[in-house]
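# Structural overview for review
So the chains spell out like this:
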Amino acid sequence: MSATEARVSFAPGTRSCWELLTGGQREMPAAGARVSFAPGSQPSQDGAVAAQLPTRKVTFARKHLPDWKVGPRYELVRKLGSGSYGCVCEARDRERGRRVAIKRTRDVFGDLVTCRRTAREVCILAMLQRHENIVQLFDVVAPIGEDGLFDEVCLVMEVCDSDLGLLLRKDVELSPHQVRKILYTLLVGLKYLHSGGIWHRDLKPHNCLLNDDWTVKICDFGLARAAGGPRPRAPAEAISAEGAERLPNPRHAKAHRELTSHVCTRWYRAPEVILLQADYTAALDLWSVGCIFGELLGMLGSGRARERRGPLFPGDCCYPLSRDNDSSQSCRKAAARDQLEMIFATIGTPAVDELDKLDHAARRYVQKFGCRKGHGLQAKVPEADPAALEVLEATLRFGAARRASASGLLEHGIFAEVRRRATEIVTPGILHIKFDHEPDSIERLRGFILKEVRRFQPAKGECDADVKDTSDTTCPLSRARGLPESARLAVAAAAGA
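Every value quoted in this text rests on a predicted model; they were computed, and no experiment measured them. (Residues numbered from 1 in each chain as written. Predicted model: local features only at pLDDT ≥ 70, side-chain atom pairs only at ≥ 80, totals over all residues. Heavy atoms only, no water.)

UniProt's feature table lists "binding site: ATP" (unreviewed entry) at Lys103, given in the numbering used throughout. Tracing the backbone shows Lys103 in strand S3 (residues 98–106). Residue class for Lys103 comes out buried when judged on its relative accessible area of 10%. Those residues within four positions of Lys103 in sequence are excluded, and the remaining contacts are Cys87, Val88, Glu121, Val153, Cys154, Leu155, Met157 and Asp220. A polar side-chain atom of Lys103 sits 2.9 Å from a polar atom in the side chain of Glu121. (UniProt positions renumbered as here; feature names shortened; annotations may be inferred. Helix = DSSP H or I, 4+ residues; strand = E, 2+ residues; numbered from the N terminus. Buried < 20%, exposed > 50% of the residue type's maximum accessible area, 1.4 Å probe, protein only. Contact = heavy atoms within 4.5 Å. Polar contact = N/O pair within 3.5 Å; in protein donor to acceptor, adjacent residues only side chain to side chain.)

In structure tokens form, the structure reads like this:
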């Protein structure tokens, strides 16, 4: 089928890109068609300048769609992407008449890592429902045999028009209004997560879905962690300003499970994670937000050459496999592209009091970089105005305790024109994932995932998101503890109660 090209520009907050393409219809283009958008701008109703919103290309015919066991309810439309932990397709929900995204993970029980990641994502998404800046889980489908066994899981979620990763690769210019709205909605979603003691731990552009009104939905919770529970690993002050008051006192709780060492894609990884510090905090997500914000600032309408855009800290290697920790010739040549080298060249090396908080091995490693001031973030993003630079600097600080929280950043004046306080809600309590505090066991996790599937498919394997029992306590969202009445009412209203 021959490719077709459409060149459009559209105003955010009015009609979607697909409505403009199809004369008001919400139908997606047929498989085999390729749609691209040309840079363009026009005034929008709210005064913002519209720029193109890239969408994923449809590059293969329908006959090449994967044969997934999702039942008759879902009709696969096109493949959206794939990664080490699964594949994502767009589909049509025949029962509800809506577009959805289906993420399939195969061989779920082949190893403990994949099993735990799948179980954690199912649990967290099931708890974080109906927040406009968190991707919504509609259904969980698994081809369960007569013996009750299955080896793959499909998560049915809402689908968005694009993601920040695709946007950042496009040769377009954004307005300050658009950049601020993207950052604002990302922070609103993150505030909600952190208020429930959830750390995403893998924030990067491709995990920030983007709609044509420039709002963000956070997705992919496979590496997320619920910091609450009967025996939290991190100290209460590490949970973030939003959730700290609702955690039990960790001084009376014995550490149970070590935090995963290398989370986040390298370019968006906070220094404490790079240095393998055991008790990293919710502030690691704020560092990732700063890295994303810096990339967006590089897309402001300043005429910056496309080849000069990109990640703020695009390191090629990372501690402990870098610099003097590896004497190989290839790693010595890569010293200038070491992840921490690129960070320190910009923000400078940490002060003595921050070095003292590191363990011996990490402190010794950082001291090898010497003492330097750094050329500053303004040199990285000369397009940024003073207010944007202030927000950026508040997120990209070496010391996690010195970084601003999501709720703190939302109070900044830079968001005055885009702020909607009613959306800045918090969870009614701290999230608890039961299996995070139990011994690792594939069979135990299999039972948990099966129970979640049954919540969505309670009878004869039928899929109906309306019949799920939200009172289930397998991974309970604890009731509000110590929240003001206004906060509880806001959460109830957001949940449609």
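Let us look at helix H2 (residues 112–127). With 16 residues, H2 should cover 22 Å at 1.5 Å per step; its first-to-last C-alpha distance of 22 Å lies within 8% of that length. Residue Asp111 occupies the N-cap position of H2, its side-chain oxygen lying 3.1 Å from the main-chain nitrogen of Val113. (Expected span 1.5 Å × (residues − 1).)

Pairing of strand S1 (residues 74–83) with strand S2 (residues 86–93) involves eight bridges; the strand directions are antiparallel. Each residue of the ladder has a partner; that of Arg78, found in S2, is Glu90. Two elements, S2 and S3, share seven bridges in a ladder whose sense is antiparallel. Paired with Cys87 across the strands is Arg104, a residue of S3. What sits between the antiparallel neighbours S2 and S3 is a turn of four residues, in which Gly97 has the positive phi angle 65°. (Pairing = 2+ DSSP bridges.)

Scanning the entire structure with this criterion turns up seven aromatic pairs. Here the aromatic rings of Tyr365 and Phe369 are separated by 5.4 Å at their centres, their planes lie at 80°, and the arrangement is edge-to-face. Considered together, Tyr365 and Phe369 belong to a single accessibility category, that of buried residues. One aromatic cluster is present, built from ring pairs that chain together Phe344, Tyr365, Phe369 and Phe398. Over the aromatic face of Phe138 sits the side chain of Arg98, whose NZ or CZ is 3.8 Å from the ring centroid. When the ring centre of Phe109 is taken as reference, the NZ or CZ atom of Arg446 above it lies at 4.1 Å. (Phe/Tyr/Trp six-rings, centres within 6.5 Å; stacked < 30°, edge-to-face > 60°. Lys NZ or Arg CZ within 6 Å of the ring centre and 35° of its normal.)

Under the 1.5 Å per step criterion, the end-to-end length of helix H4 (residues 176–195) is 28 Å for 20 residues, consistent within 8% with the ideal 28 Å. Counting buried positions along H4 yields 17 of 20 residues, so the element is predominantly enclosed. A positive backbone phi angle near 75° is found at Gly197, which sits one or two residues after H4.

Taken together, the three strands give an open sheet; going across it, the order is S6-S8-S9, and neighbouring strands pair in antiparallel fashion. Among the strands making up the open sheet, the edge pair consists of strand S6 (162–163) and strand S9 (216–218). Bridge analysis of S6 against strand S8 (residues 208–210) gives two bridges, and the strand direction is antiparallel. Note that in S8 the partner of Asp163 across the bridge is Leu209. Across the sheet, H4 lies against S8 and S9, angled at about 30° from S9, the strand it touches most. (Axes fitted to C-alpha atoms, helices over the stretch in contact; angles between N-to-C directions.)

Within the chain, Asp107 stands out as a residue other than glycine whose phi angle is a positive 50°. At Arg201, a position not held by glycine, the phi torsion is positive, near 70°. The topology assignment puts Arg201 in the loop between strand S7 (198–199) and S8. Look at Arg201 and you get buried, because its relative accessible area is 2%.

Attention now moves to the side chain of Arg104. Tracing the sequence through the fold places Arg104 in strand S3. Look past the residues within four positions of Arg104 in its chain and what remains in contact with it is Asp67, Trp68, Tyr85, Gly86, Cys87, Glu152, Val153 and Cys154.

A few words now on the sheet that holds strand S5 (residues 152–158). If you walk across this open sheet you meet the five strands as S1-S2-S3-S5-S4, and the pairing is antiparallel. The sheet terminates laterally at S1 and strand S4 (137–141), the two strands that pair on one side only. Averaged over all adjacent pairs, the angle separating strand axes in this sheet is 25°, with direction ignored.

Attention now moves to the nonpolar core. Ranked by size, the top nonpolar core spans 106 residues in total, and within it Leu167, Leu187, Phe221, Leu275, Leu297 and Ile449 carry the most contacts. Residues within four places of Leu187 in sequence aside, it is in contact with Leu286, Val289, Ala406, Leu409, Leu410 and Phe415. Listed in part, the 13 residues of the second largest apolar core include Leu76, Ala91, Val100 and Ile102. (Core = buried A, V, L, I, M, F, W, Y, C linked by side-chain atoms within 4.5 Å.)

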